[in-house]
Amino acid sequence: MFPEGFLLEKRIGCNVEAASKKRVLEQLGQRLAESVPALTQDLVFDALLERERLGSTGLGKGIALPHARMSQVTQAMGAFITLPEGVDFDAIDGSPVDLAFAMLVPEEATDEHLQLLAKLAHMFSDSSFCSALRKAETDHDLVLLIQQREANVTT
């Protein structure tokens, strides 16, 4: 199970237009920043971009998991968008990314950070789940798919 409040519908976007890796990070940063008064889109974007400079978070097969630790964040939080057209994300397999899940965690949350990244990587390794996400037409559809996957995995 994801921690309570980790992924809210207001931080999900279906078929978001973004023509570049930076624009994807901006879109995700905006969604994450809106949930924490101490954050701005620019602060989140800069943190995600700084992490990308260490190496791409493009996992392959159209999936990216940008993430960062931030002192302004008190609990782990995620944002997710689907893109109608894949964008170059310097992914390990060179595939364009059309599913992007960003995560912020508190600066000191090393174990939680790694556990959530592993959980997300496992979730997105399910090709039928990813296919369903790509076919979703609304933000609410995406929420339901993620909730159903969570319920099926934890029971």
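Placed above this text is the structure.
These numbers were taken from a predicted model, which means no experiment stands behind them. (Residues numbered from 1 in each chain as written. Predicted model: local features only at pLDDT ≥ 70, side-chain atom pairs only at ≥ 80, totals over all residues. Heavy atoms only, no water.)

Enquirer: Residues and numbers for the pattern of salt bridges, please.
Expert: For the structure shown, the criterion picks out 7 salt bridges. Across the pair R23 and E26 runs a salt bridge whose closest N-O atoms are separated by 2.9 Å. One end of the pair, R23, and the other, E26, are both in helix α1 (residues 21-33), 3 residues apart, so they sit about a helical turn from each other. A residue is classified by how much of its surface remains accessible, and E26, at 26% relative accessible area, is partly exposed. Several salt bridges converge on common partners, so that one network encompasses K21, E52 and D90. (Salt bridge = Lys/Arg side-chain N within 4 Å of Asp/Glu carboxyl O. Helix = DSSP H or I, 4+ residues; strand = E, 2+ residues; numbered from the N terminus. Buried < 20%, exposed > 50% of the residue type's maximum accessible area, 1.4 Å probe, protein only.)

Enquirer: Outline unusual backbone geometry, supporting the account with residue identities and numerical values.
Expert: The residue N15 is not glycine, and still its phi comes out positive at about 55°. Secondary-structure assignment places N15 in the loop between β1 (12-13) and α1.

Enquirer: Can you tell me about the environment of G60, naming the residues and giving the values?
Expert: Examined against the element boundaries, G60 turns out to sit in strand β2 (residues 58-60). Measuring from C-alpha to C-alpha, the distance between G60 and F129 comes to 15 Å, with 69 residues separating the pair along the chain. Residues in contact with G60, not counting those within four places in the same chain, are A91, I92 and D93. (Contact = heavy atoms within 4.5 Å.)

Enquirer: Break down the nonpolar core for me, with residues and values.
Expert: Nonpolar side chains tend toward joint burial in soluble globular proteins. Counting 28 residues, the largest nonpolar core has V24, L39, V44 and L104 as the members making the most contacts within it. Among residues more than four places away in sequence, those in contact with L39 are L32, A33, V44, M70, Q72, V73 and L104. Within the second largest apolar cluster, 26 residues are counted, among which are L65, V105, L116 and F129. (Core = buried A, V, L, I, M, F, W, Y, C linked by side-chain atoms within 4.5 Å.)

Enquirer: Outline the layout of surface pockets, supporting the account with residue identities and numerical values.
Expert: Within this model, the largest pocket holds a volume of roughly 260 Å³. If you trace the largest pocket, you find 14 residues lining it, with F2, L7, I146, Q147 and E150 closest to the centre. Looking at the lining of the largest pocket, the element that brings in the most residues is helix α5 (residues 139-154), giving 4 residues. Of the residues in the lining of the largest pocket, the class split is 9 nonpolar, 2 polar and 3 charged. By volume, the second largest pocket is sized at about 160 Å³. Among the elements of the structure, β2, α3 (110-124) and α4 (127-135) are those that each provide at least two residues to the lining of the second largest pocket. Among the elements that take part in the lining of the second largest pocket, α4 stands out by supplying 3 residues, more than any other. Residues that form the lining of the second largest pocket fall into these classes: 5 nonpolar, 3 polar and 3 charged. (1 Å grid on protein atoms, 1.4 Å probe; cavity = no way out; pocket = protein on both sides within 12 Å on 5 of 7 lines; lining within 4 Å. Points joined across faces, edges and corners; volume = space filled by probe spheres on them. Nonpolar A, V, L, I, M, F, W, Y, C, P; charged D, E, K, R; others polar.)

Structural measurements only, silent on function.
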